[in-house]
Amino acid sequence: MRKLANSPVSTTTEMHVAAALQLAAAGRMAPPPNPAVGCVIASADGTVLGQGCTQQAGGPHAEVMALRDAQQRGNAVTGAIAYVTLEPCSHQGRTGPCCDALIAAGIGRVVTSHVDPNPLVSGRGLARLQAAGVGVECLPPDHPLAVQSRELNIGFFSRMERKTPWVRMKIAASLDGKTALPNGASQWITSPEARADGHAWRARACAILTGIGTVLQDRPRLDVRLVQTPRQPHLVVVDSALQTPLDSPIFMEGRKLFIYAAVQDAAKAGALAAQGATVIYKSGQHADGSPTHKVDLAALLHDLGQREINELHVEAGHKLNGSLVREGLVDEFLVYLAPKLLGQGADMANFGPLTALTQALPLRFQTPTLVGPDLRLLARVTQHPAAPN
């Protein structure tokens, strides 16, 4: 495989890879748990012959969509170049291997912005193309387009490399960091624009996670309503003692509901299952091995990884938020700050108290953006500090 690390990446390559990334980003809500991928097929002189992006799970991948598009346009692709944002797959999954489709179509060269992190693919797709006489090139991993490709599918990379989802915690708060008044009132601190934007972030996730406190107090639906979406994310509820009401609005047709518990209750579990929920026991343990009667949150994340959850969107109260932060399980924070002060009230996350500033959770701001009158901050965890002795 020829890597482009030792030579400048051509303007034409960058143009077509960037266009493929735009296609992938535009269609990113549909593919999970598959990665969002875009493909542009061009002739040697740079003329676009076909393009496409990966469809919903079980549907065609980006390469197949681009080949179909070229065929519909009446364009022959023999000897053409396929620019793909992720290595073409080489295994039989929900669909057939994309590298075989490219080979059968007579594609002469494949340029990819990133090797697939899936161990079933990683390097095998490119090797298979090369063995068939197809030229193969890969952007260097530090190239901005390669970085963008990884960021676009950061949840998929997380699941493949760490075996756990990428955990993004969404918080709506006042400028002084309050998420509710002392009486629990929280609707609405932020603007309609911020709420719609929050639903767009829900839509891109594989699953939404909340706690039983939110389920009982707010009786939310926690679905995507304010933006169009081709699918509803699954819902995950941390409910240690199985207190979820059977008439809760969280029971919805067309989406999976996972309830994680710590205390065995066969009758209630059966009733919840009859409503369509999947009840999973993941009890934590004290140092002496006795049960904590609380859900083991790290074990929950590993279980969700096995259930093909890429991005996990957390919308919970300050207690569960605090537990996730305290256990070092959050990757980034999506915070909407309203231009108002509430004084006393519920905090963003209840953890600590810390005894030294070195114990603080260090973050790096990614993209501060005004959404309506509110400020949206994306803050990524740079490292999880060591637990105090």
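**Student:** Lay out the pattern of salt bridges with the relevant residues and their values.
**Tutor:** The tally for this structure, following the rule as stated, stands at 18 salt bridges. As a salt-bridge pair, aspartate 197 and arginine 376 come within 2.9 Å of each other at their nearest N and O atoms. Here the residue aspartate 197 occupies a position in helix α7 (residues 192-204), and arginine 376 occupies one in strand β18 (residues 374-381), the gap between them amounting to 179 residues. For aspartate 197, a relative accessible area of 18% gives the class buried. Its salt-bridge partner being glutamate 315, residue arginine 202 comes within 2.8 Å of it at the nearest N-O pair. Of the two residues, arginine 202 is situated in helix α7 and glutamate 315 in the loop between β14 (311-314) and α11 (318-326); the sequence distance between them amounts to 113 residues. An identical accessibility class is assigned to arginine 202 and glutamate 315; each is buried. By sharing partners, the salt bridges in this structure join Arg28, Glu151, Arg168, Arg204, Glu311, Glu332 and Arg380 into a single network.

**Student:** Describe the state of the cysteines, and please don't skip the residues or the numbers.
**Tutor:** Summed over all chains, the structure comprises 0 disulfides. The thiol sulfur of cysteine 99 is not disulfide-bonded, and the nearest other cysteine sulfur, from cysteine 89, lies at 6.6 Å. Since its relative accessible area comes to 0%, cysteine 99 is described here as buried.

**Student:** Describe helix α3 (residues 98-105), with residues and values.
**Tutor:** Listed in full, the buried residues belonging to α3 are Cys98, Cys99 and Leu102. Each buried residue of α3 sits inside an arc of 105 degrees when the element is viewed along its axis, so together they form one side. Looking at the buried positions of α3, the neighbouring elements they touch are α2 (62-73), β4 (81-84), β5 (109-112) and α4 (124-131). The positive-phi residue at the C-terminal boundary of α3 is glycine 106, with phi of around 85 degrees.

**Student:** Outline unusual backbone geometry, supporting the account with residue identities and numerical values.
**Tutor:** For the peptide bond that leads from proline 32 to proline 33, omega is 10 degrees, which places it in the cis range. Cis peptide bonds are those with omega within 30 degrees of zero, and the linkage from glycine 352 to proline 353 qualifies with 5 degrees. Mapped onto the secondary structure, proline 353 falls in the loop between β15 (332-338) and β16 (363-365). Phi at histidine 293 takes a positive value of approximately 65 degrees, unusual for a residue other than glycine. Mapped onto the secondary structure, histidine 293 falls in strand β13 (residues 291-295).

**Student:** Which residues make up the pairing of β15, and what are the values?
**Tutor:** Across the 7 residues that make up β15, a large majority, 7, are buried. Here strand β7 (residues 166-174) runs beside β15; their pairing, made up of 7 bridges, is parallel. Bridge pairing in β15 links isoleucine 171 to valine 335.

**Student:** Quick one: what's the story with the nonpolar core, residue by residue and with numbers?
**Tutor:** Grouped together as the largest cluster of nonpolar side chains are 32 residues, with contacts concentrated most on Leu209, Val236, Leu300, Leu312 and Leu324. Beyond its immediate stretch of four places on either side in the chain, leucine 209 contacts Val236, Val238, Leu300, Leu312, His313, Val314, Glu315, Ala316, Leu320 and Leu324. Grouped together as the second largest cluster of nonpolar side chains are 24 residues, Val37, Ala62, Val110 and Leu129 included.

Calculation rules
- Residues numbered from 1 in each chain as written.
- Predicted model: local features only at pLDDT ≥ 70, side-chain atom pairs only at ≥ 80, totals over all residues.
- Heavy atoms only, no water.
- Salt bridge = Lys/Arg side-chain N within 4 Å of Asp/Glu carboxyl O.
- Helix = DSSP H or I, 4+ residues; strand = E, 2+ residues; numbered from the N terminus.
- Buried < 20%, exposed > 50% of the residue type's maximum accessible area, 1.4 Å probe, protein only.
- Disulfide = S-S within 2.5 Å.
- Arc of directions from axis to C-beta.
- Contact = heavy atoms within 4.5 Å.
- Pairing = 2+ DSSP bridges.
- Core = buried A, V, L, I, M, F, W, Y, C linked by side-chain atoms within 4.5 Å.

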